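Residues per chain, in single letters:
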Amino acid sequence: MKKLITSIFLLAISSNFAQEQAQGNLSQNEEKMEWFKDAKLGIFIHWGLYAVNGIDESWSFFNGYISHKDYLKQTKGFTAKKYDPTAWVDLIKKSGAKYSVITSKHHDGFALWDTKFGDFNAVKGASSKKDVLTPFVSELRKNNLKVGIYYSLPDWSYADYTHFTRDSMRYKIADEPKRWDKFLKYYQGQLKELSDTYNPDLYWFDGDWEHSSEEWQAPKVRQMLLDRNPNTILNSRLNDQGDYATPEQGMPITRPENKFWELCLTMNDSWGYQKNDHNYKTTDQIIGTFADVISNGGNLLLDIGPKGDGTIPEEQVAILEGLGRWTNKHKEAIYGTRSGIPKEHFYGPTTLSKDQTILYLFVKGNPGGEVVLRGLKNNINRIWVVGEGTKLSHQVIGKVYWSHYPGIKYIKLPEHVLDENMTVIAVLLDGKVDLYREDGAVIESN
């Protein structure tokens with residue numbers, strides 16, 4: 001009996017220790033994700049050989065639209081002769097972004113830095129004849145912007161990688177394990193270079209679908225990167241080893257389950273520069289999507305595609321400048337906020353201050369003089385127009401003495417305070433936001 005009690009006691013201690021350790025790991029993860037949660041906006045940069053002829057990055061030869069040999073001819077046109085990393089970072093900072101992610105190497109295997117693993121890079125294998133990654137990372141650091149590095153796990157140009165084109169595989173791992181081991185040393189060696197040289201705040205992996213976590217040795221890679229920097233963040237595309245989800249192009253209709261997520265969005269229909277793609281989203285549309293994203297607790301990673309000479313297309317510059325005007329004006333409602341209230345309460349995007357005492361309402365277009373807020377139990381202490389300061393008044397209707405239904409609040413919004421893109425209203429509450437989520441009430445006596 002004593003042995004049984006002792007065993008139960010030891011088991012309980014072990015269980016408590018495991019729980020405390022798990023809570024500690026969770027707490028550590030929450031802490032390292034804090035800057036990401038606060039940042040809200042990042043700029044994605046797809047830059048590589050594909051910018052020369054304006055064709056699909058890597059996929060153009062993988063899918064057979066162009067031969068691999070012809071794809072590689074673009075190395076002659078990748079000059080980066082007008083590349084100005086200082087101007088790039090100035091524009092990124094002006095947009096309101098707090099971090100940037102750049103394609104250090106896409107699926108085609110062309111590297112932007114002076115890697116010691118092979119010659120297919122911007123220094124040894126293209127007309128640029130220079131490392132174009134290092135100066136960009138240096139400028140981000142100088143401007144206190146977080147550094148994100150995109151890295152493709154597959155390398156379709158590497159002779160000892162399994163896949164080559166959609167209709168052609170070089171080998172199967174089971175048949176030639178030594179060849180696969182050679183590739184593992186190659187890609188993990190490049191990652192170690194990136195880790196040691198740049199110490200990124202964030203790794204943006206891609207292409208994990210071609211192999212399993214075990215085949216990629218994903219847990220080993222994650223640990224290698226965390227050993228260098230325990231606070232570095234990994235996206236969801238290292239199989240099961242990521243810290244946050246990365247939906248792309250399509251705005252999630254319902255709030256993602258993952259606590260941390262990021263929508264990757266192009267300005268037109270292309271990731272890299274394509275001179276024939278003029279289907280650009282308007283600044284209004286991008287701001288609208290951004291507001292929807294942060295309302296649902298996510299970040300927006302907005303993409304640009306520089307040309308082969310290093311210049312950024314005028315249309316993309318204009319969008320970033322327009323976005324920057326709006327983010328700078330409304331920064332209090334964007335950065336450091338948390339996801340807003342359910343859409344039944346306000347027909348538009350919302351965010352909340354971290355202490356949940358200020359509710360921000362994002363108003364699209366001209367609402368005709370007033371906006372409606374439903375089911376808010378709190379009393380309102382003050383309402384103002386963000387970035388402009390005008391104090392607003394409100395009216396409560398439908399609140400009666402015999403029901404705890406809080407009524408409907410109508411906020412008066414004169415036309416002269418409307419923003420040219422999207423107006424934001426701050427509602428200061430008398431405590432943490434408290435919402436009425438019931439069906440209503442029926443008169444039982446009157």
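This one's a predicted model, so the numbers in the text were calculated from it and none came from an experiment.

Student: Please provide a residue-by-residue account of the overall build of the chain, values included.
Tutor: Helix and strand counts for the chain come out as twelve helices and 17 strands. Counting only C-alpha atoms, the chain reaches 85 × 80 × 40 Å along its principal axes. Scored against the burial criterion, the 446 residues of the chain give a buried share of 53%. Across the chain, every contact between residues at least 6 apart in sequence was considered, and the portion connecting residues at least 24 apart equals 70%. A gap of 3 Å separates the mean positions of the 54 positive and 57 negative side-chain charges of the chain.

Student: Break down the pairing of strand S8 (residues 262-265) for me, with residues and values.
Tutor: Across the two faces of S8 the burial is the same, with Glu262 and Cys264 and Leu263 and Leu265 all buried. Inspection of the sheet shows S8 paired to strand S9 (residues 299-304) by four bridges, in the parallel sense. Each bridged residue has a counterpart across the sheet, and for leucine 265 the counterpart in S9 is leucine 302. Following the backbone out of S8, through helix H11 (residues 283-295) and into the adjacent parallel S9, one traces a crossover that is right-handed.

Student: I'd love a proper account of the nonpolar core, names of residues and values included.
Tutor: Trp47, Tyr187 and Phe205 are the most contacted members of the largest nonpolar core, which totals 87 residues. The leading source of residues in this core is helix H8 (residues 177-198), at eight residues. Excluding anything up to four places from it in sequence, tryptophan 47 contacts Phe78, Ala80, Tyr83, Trp88, Thr103, Leu112, Val132, Pro306, Lys307, Gly308 and Gly310. Residues Ile341, Leu361, Ile411 and Val433 belong to the second largest nonpolar core, which totals 21 residues.

Student: I'd love a proper account of the pairing of S9, names of residues and values included.
Tutor: The buried count for S9 comes to six of six residues, which makes it a mostly enclosed element. Alternating residues of S9 divide into Asn299, Leu301 and Asp303 and Leu300, Leu302 and Ile304, and every residue in both groups is buried. Inspection of the sheet shows strand S1 (residues 41-45) paired to S9 by five bridges, in the parallel sense. The residue bridging glycine 42 from the neighbouring strand is leucine 301, located in S9.

Student: Give a detailed account of the sheet that holds S1, specifying residues and quantitative values.
Tutor: The strand order across the open sheet built from seven strands is S7-S6-S3-S2-S1-S9-S8, with neighbouring strands paired in parallel fashion. Pairing within the sheet leaves two strands with one partner each, and these edge strands are strand S7 (233-234) and S8. The pairing of strand S6 (residues 202-206) with S7 spans two bridges and is classified as parallel. By the bridge assignment for S7, tyrosine 203 is matched with leucine 234. Its contacts with the sheet put H11 on S1, S8 and S9, and the angle it makes with S9 is roughly 150 degrees. In the packing of helix H12 (residues 314-329) onto the sheet, contacts are made with S1 and S9, and the angle to S9 comes to roughly 155 degrees.

Each value, and the rule that gives it
Residues numbered from 1 in each chain as written. Predicted model: local features only at pLDDT ≥ 70, side-chain atom pairs only at ≥ 80, totals over all residues. Heavy atoms only, no water. Helix = DSSP H or I, 4+ residues; strand = E, 2+ residues; numbered from the N terminus. Buried < 20%, exposed > 50% of the residue type's maximum accessible area, 1.4 Å probe, protein only. Contact = heavy atoms within 4.5 Å. Lys, Arg positive; Asp, Glu negative; His and termini not counted. Charge placed at Lys NZ, Arg CZ, Asp CG, Glu CD. Pairing = 2+ DSSP bridges. Right-handed = clockwise from strand over helix to strand, strands pointing away. Core = buried A, V, L, I, M, F, W, Y, C linked by side-chain atoms within 4.5 Å. Axes fitted to C-alpha atoms, helices over the stretch in contact; angles between N-to-C directions.

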